[in-house]
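Residue-level structural notes
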Amino acid sequence: MLAKRIIPCLDIKNGRTVKGVNFVDLRDAGDPVELAEIYSREGADELVFLDISATEERRKTLVNMVRSVAEKINIPFTVGGGISSVEDVDILLNNGADKVSINSSAVKNPQLINDLAQKFGSQCVVVAIDAKQIDGQWIVHLVGGKVPTELNLFDWAVEVAERGAGEILFTSMDNDGTKNGFANEALAKLSELVNIPIIASGGAGNIKHFVDSFQVGKADAALAASVFHFKEIEIKALKQELRNNGIEIRL
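Bear in mind the structure is a predicted one, so any value in this text is a computation, not a measurement. (Residues numbered from 1 in each chain as written. Predicted model: local features only at pLDDT ≥ 70, side-chain atom pairs only at ≥ 80, totals over all residues. Heavy atoms only, no water.)

**Observations regarding the overall build of the chain**
What the chain contains, in helices and strands, is ten helices and twelve strands. The C-alpha atoms of the chain give 16 Å as radius of gyration, which agrees with the globular expectation for 251 residues (18 Å, within 12%). For the chain, the C-alpha atoms occupy an extent of roughly 45 × 40 × 35 Å along the three principal directions. Within the chain, the fraction of its 251 residues that count as buried is 57%. In the chain, the proportion of contacts linking residues at least 24 apart, taken out of those at least 6 apart, comes to 66%. Within the chain, the 35 negative side-chain charges are centred at a point lying 3 Å from the centre of the 27 positive side-chain charges. (Helix = DSSP H or I, 4+ residues; strand = E, 2+ residues; numbered from the N terminus. Rg over C-alpha atoms; globule rule 2.2 N^0.38 Å. Buried < 20%, exposed > 50% of the residue type's maximum accessible area, 1.4 Å probe, protein only. Contact = heavy atoms within 4.5 Å. Lys, Arg positive; Asp, Glu negative; His and termini not counted. Charge placed at Lys NZ, Arg CZ, Asp CG, Glu CD.)

Written as structure tokens, this is what we have:
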């Protein structure tokens, strides 16, 4: 059985790590390069680095910061934000990223998933899906959660997997930043529908929420930001408690 993974997420805006609630009310959480180094040292399994304003502002992810982070850490590292072409991915991977995360660009041009998987391998391609419930349906949203689409979360997840994505990073916008737990029912349904790893995102508030994401939500990895950035949960303590609950995890 594959070990579950704990993934701190660094949302970047104007060169700083930020964190909000339900995708708004952002506050500063520190220098991304320093945080990346700390998390690598403390036992994080991977990092995700999202330039959250890149798509909205039509600019490319900060390649220099990617290079700086890559020089400081020895764990896999996913980069997202403003990626819309094979060329964008080539630059990021050549500057130290291990994987890329695409979101809005994948919805607008689904063939991009196929192209990236074919050129770089599925293991490099993470498709991020931000969704919230509207009239009982999980609806996919774009541009940092600002633009609703007509896509259903589960239909899109199946298509993404069929097109060659290596992982899905599912963020529940309803749960994001609330610290009330992950969207475990939706997570469990996703893991039944597709045979690629699902990363749970949105809602971590305490250690039990992580336990539930794996035991109830059947997630393969759990991602969080503020509980790590503001030292509410220590990664070592979290991993030990997961192990105590019979969850396979690298200590």
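**Some points on the pattern of salt bridges**
Under the defined criterion, the tally for this structure stands at nine salt bridges. Between arginine 250 and aspartate 45 there is a salt bridge, with its nearest N and O atoms 3.7 Å apart. With arginine 250 in the segment after helix 10 (235–244) and aspartate 45 in the loop between helix 1 (32–42) and strand 4 (47–51), the pair connects residues that are 205 residues apart, well separated along the chain. Here lysine 179 ties to glutamate 232 by a salt bridge, and the two come within 2.6 Å at their closest N and O atoms. (Salt bridge = Lys/Arg side-chain N within 4 Å of Asp/Glu carboxyl O.)

**Considering the UniProt feature "active site" (unreviewed entry) in the chain**
With numbering aligned to this structure, UniProt lists the feature "active site" (unreviewed entry) at Asp11 and Asp130. The largest pairwise C-alpha distance within this set of annotated residues, which runs over 120 residues, is 14.1 Å, so the set is compact in three dimensions. Relative to the elements of secondary structure, aspartate 11 occurs in strand 1 (residues 5–13). A relative accessible area of 13% places aspartate 11 in the buried class. Structurally, aspartate 130 is set in strand 7 (residues 125–134). Looking at aspartate 130, its side chain comes within polar contact range of the side chain of asparagine 103, at 3.1 Å. (UniProt positions renumbered as here; feature names shortened; annotations may be inferred. Polar contact = N/O pair within 3.5 Å; in protein donor to acceptor, adjacent residues only side chain to side chain.)

**Brief notes about the environment of alanine 200**
Take alanine 200: it is sitting in strand 11 (residues 198–201). Residue alanine 200 is classed as buried on the basis of its relative accessible area of 0%. As a C-alpha pair, alanine 200 and phenylalanine 210 span ten residues in sequence and 9.1 Å in three-dimensional space. Beyond its immediate stretch of four places on either side in the chain, alanine 200 contacts Phe170, Phe182, Leu187, Ser213, Ala219, Ala221, Ala222 and Leu223.

**Focus on helix 1**
Burial in helix 1 covers these residues: Pro32, Val33, Leu35, Ala36, Tyr39 and Ser40. Axial view of helix 1: buried residues confined to an arc of 160°, hence all on one face. Turned more than 90 degrees away from the buried face of helix 1 sit Glu34 and Arg41, all of them exposed. One or two residues past the end of helix 1 sits glycine 43, with phi positive at roughly 110°. (Arc of directions from axis to C-beta.)

**A short note on the side chain of serine 40**
Looking at where serine 40 falls in the secondary structure, it is placed in helix 1. Of the residues examined, serine 40 reaches a relative accessible area of 13% and is grouped as buried. Apart from the residues within four sequence positions on either side, serine 40 is in contact with Ile73, Asn74 and Ile75.

**Some details on unusual backbone geometry**
The backbone of lysine 218 shows a phi angle near 60°, a positive value even though the residue is not glycine. Tracing the chain through its elements places lysine 218 in the loop between helix 8 (207–215) and strand 12 (221–224).

**Let's talk about the packing of helix 3 (residues 86–94) against helix 5 (residues 111–120)**
Direction vectors running N to C along helix 3 and helix 5 enclose 40°, while the axes themselves pass 10 Å from each other. In terms of orientation, helix 3 and helix 5 fall into the oblique class. Both helix 3 and helix 5 take part in a crossing whose hand is right-handed. Between helix 3 and helix 5, the residues in contact are Val86, Val89, Asp90 and Leu93 and Leu112, Asp115, Leu116, Lys119 and Phe120, respectively. (Axes fitted to C-alpha atoms, helices over the stretch in contact; angles between N-to-C directions. Parallel < 35°, antiparallel > 145°, perpendicular 65-115°, else oblique. Left-handed = near helix turned anticlockwise from the far one by under 90°.)

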